[in-house]
Amino acid sequence: EAGVTQFPSHSVIEKGQTVTLRCDPISGHDNLYWYRRVMGKEIKFLLHFVKESKQDESGMPNNRFLAERTGGTYSTLKVQPAELEDSGVYFCASSNGLAGVWEQYFGPGTRLTVT
Amino acid sequence: AQSVTQLDSHVSVSEGTPVLLRCNYSSSYSPSLFWYVQHPNKGLQLLLKYTSAATLVKGINGFEAEFKKSETSFHLTKPSAHMSDAAEYFCVVSGRNNDMRFGAGTRLTVKP
């Protein structure tokens, strides 16, 4: 079974540009999460999808970030326009249920560098 | 609100000696707690989880952790470190919607 995959693995863009990160969860997992780790800080929750619906987006830092999960399969996270403080590693995770506590499976992350 | 504090940002041990990575938690209800490990250029991998069953939890690669409610702790231990254990370790508490609240991470160095 394939794990969670993320693309690209690394992106370098200039301030003001747009970047789109992609996450493919494990097949059949309804829950998809985005997290971010900025330099020197802890990994922080951004948002949670259940299928194609946003269950919780309380961690999204501002309206320059837009997450979508059309069709309830893969998800994209767009940053537009990117700022220097957006640099960090963006993780995606998926799990297969809400009842109880379900293990989240993490992807390798996308390292975003904004110059 | 749920949160975790990892008490050491960096731990260094010699190969073959015990490992202790410390974690304290704060939770307004009975928490679910996890330890994840990240090796360089790899994704986060679950080591073990506590979900209100046995307080001593055994995980992969010889790691275990003990949930101590009186001390609000969930320290990770291993009797004998191996070179391949060198990585960054994260203590995590699960929020109400199963979103994870991470500690700042502890980087483990294993010396030959």
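These numbers come from a predicted model, not from an experiment. (Residues numbered from 1 in each chain as written. Chains lettered and ligands numbered in written order. Predicted model: local features only at pLDDT ≥ 70, side-chain atom pairs only at ≥ 80, totals over all residues. Heavy atoms only, no water.)

K.L.:
So what's going on with the packing of aromatic side chains? Which residues, and what values?
P.N.:
In the structure shown here, the tally under the stated rule is 14 aromatic pairs over all chains. Measuring from ring centre to ring centre gives 6.3 Å for Phe-34 of chain B and Tyr-36 of chain B, while their planes differ by 35 degrees; the resulting arrangement is tilted. Over the ring of Tyr-74 of chain A we find Arg-22 of chain A; its NZ or CZ atom is 3.8 Å from the centre of that ring. (Phe/Tyr/Trp six-rings, centres within 6.5 Å; stacked < 30°, edge-to-face > 60°. Lys NZ or Arg CZ within 6 Å of the ring centre and 35° of its normal.)

K.L.:
Tell me about the pairing of strand E8 (residues 75-79) of chain A, and name the residues and values.
P.N.:
All names here are of chain A. With 4 of its 5 residues buried, E8 lies for the most part within the structure. Two elements, strand E3 (residues 19-24) and E8, share 5 bridges in a ladder whose sense is antiparallel. Of the residues in E8, the one forming a bridge with Thr-20 is Lys-78. Looking at chain direction, strand E7 (residues 65-68) and E8 are connected through 4 bridges and run antiparallel. (Buried < 20%, exposed > 50% of the residue type's maximum accessible area, 1.4 Å probe, protein only. Helix = DSSP H or I, 4+ residues; strand = E, 2+ residues; numbered from the N terminus. Pairing = 2+ DSSP bridges.)

K.L.:
Before we move on, could you go through unusual backbone geometry and cite the residues and values that matter?
P.N.:
Excluding glycine, most residues fall at negative phi; most peptide bonds, likewise, are trans. Of note, the amide linkage connecting Phe-7 of chain A to Pro-8 of chain A takes the cis form, showing an omega dihedral of -5 degrees. Within the secondary structure, Pro-8 of chain A is located in the loop between strand E1 (5-7) and strand E2 (10-13). Each neighbour pair has its own omega, and for Gln-80 of chain A with Pro-81 of chain A the value is -10 degrees, a cis peptide bond. Mapped onto the fold, Pro-81 of chain A is located in the loop between E8 and strand E9 (88-95). Residues other than glycine seldom take positive phi values, yet Lys-51 of chain A does so here, at roughly 55 degrees. As for its position among the elements, Lys-51 of chain A is in the loop between strand E5 (44-50) and strand E6 (53-56). We classify Lys-51 of chain A as partly exposed; its relative accessible area is 43%. The phi dihedral of Asn-61 of chain B falls on the positive side, at around 60 degrees, and the residue is not glycine. Note on placement: Asn-61 of chain B falls in the loop between strand E7 (56-58) and strand E8 (64-68).

K.L.:
So what's going on with the sheet that holds E8 of chain A? Residues and values would help.
P.N.:
The strands that make up a sheet pair up through hydrogen bonds in the backbone, lying either parallel or antiparallel. Residue and element names in this part refer to chain A. Taken together, the 4 strands give an open sheet; going across it, the order is E1-E3-E8-E7, and neighbouring strands pair in antiparallel fashion. The strands lining the two open edges of the sheet, one partner per strand, are E1 and E7. Direction aside, neighbouring strands of the sheet carry axes that sit 15 degrees apart on average. (Axes fitted to C-alpha atoms, helices over the stretch in contact; angles between N-to-C directions.)

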